[in-house]
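# Coordinate inspection notes
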Amino acid sequence: MAEPEKNRVSVDIYGQTYQMVGKETVGHMRLVASLVDDMMREISSKNRSLDTTKIAVLTALNTMNDSLKLKERVEELENELNQLKG
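My aim in this report is to walk through the structure given alongside it, one point at a time. (Residues numbered from 1 in each chain as written. Predicted model: local features only at pLDDT ≥ 70, side-chain atom pairs only at ≥ 80, totals over all residues. Heavy atoms only, no water.)

## As for the environment of I43
Examined against the element boundaries, I43 turns out to sit in helix α1 (residues 26-46). Among the residues examined, I43 registers a relative accessible area of 13% and is labelled buried. A C-alpha to C-alpha distance of 33 Å links I43 and E78, two positions 35 residues apart in sequence. Dropping the residues within four chain positions of it, I43 is found in contact with L50, I55, L58, T59 and N62. (Helix = DSSP H or I, 4+ residues; strand = E, 2+ residues; numbered from the N terminus. Buried < 20%, exposed > 50% of the residue type's maximum accessible area, 1.4 Å probe, protein only. Contact = heavy atoms within 4.5 Å.)

## A word on a nonpolar patch on the surface
A contiguous nonpolar patch, built from V57, L58 and L61 and spanning about 250 Å² of accessible area, is present on the exposed surface. By the secondary structure assignment, L61 is in helix α2 (residues 52-85). (Patch = residues over 30% accessible without salt bridge, like charges linked within 9 Å, V, L, I, M, F, W, Y side chains within 5 Å. Areas by Shrake-Rupley, 256 points an atom, 1.4 Å probe, with all protein chains shown as cover. Salt bridge = Lys/Arg side-chain N within 4 Å of Asp/Glu carboxyl O.)

The structure is reproduced here in structure tokens:
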């Protein structure tokens, strides 16, 4: 089976242009970039003294925290489902 073709898209995140390459759709990659941009701008608006690097690191930390919480919730739901199945 052939590898899915990679898509390329230019996106703007916090005033910088990035070239994204991935197997996801262009729309998906644009959405991801937009969410990152939104979070960086939200963090920046709450503390104007932070530089771009600190804003990016806080964005990464918040995103990873959300990801871990979702994984934990999925595990909880899988355990509940397994208990219901017997």
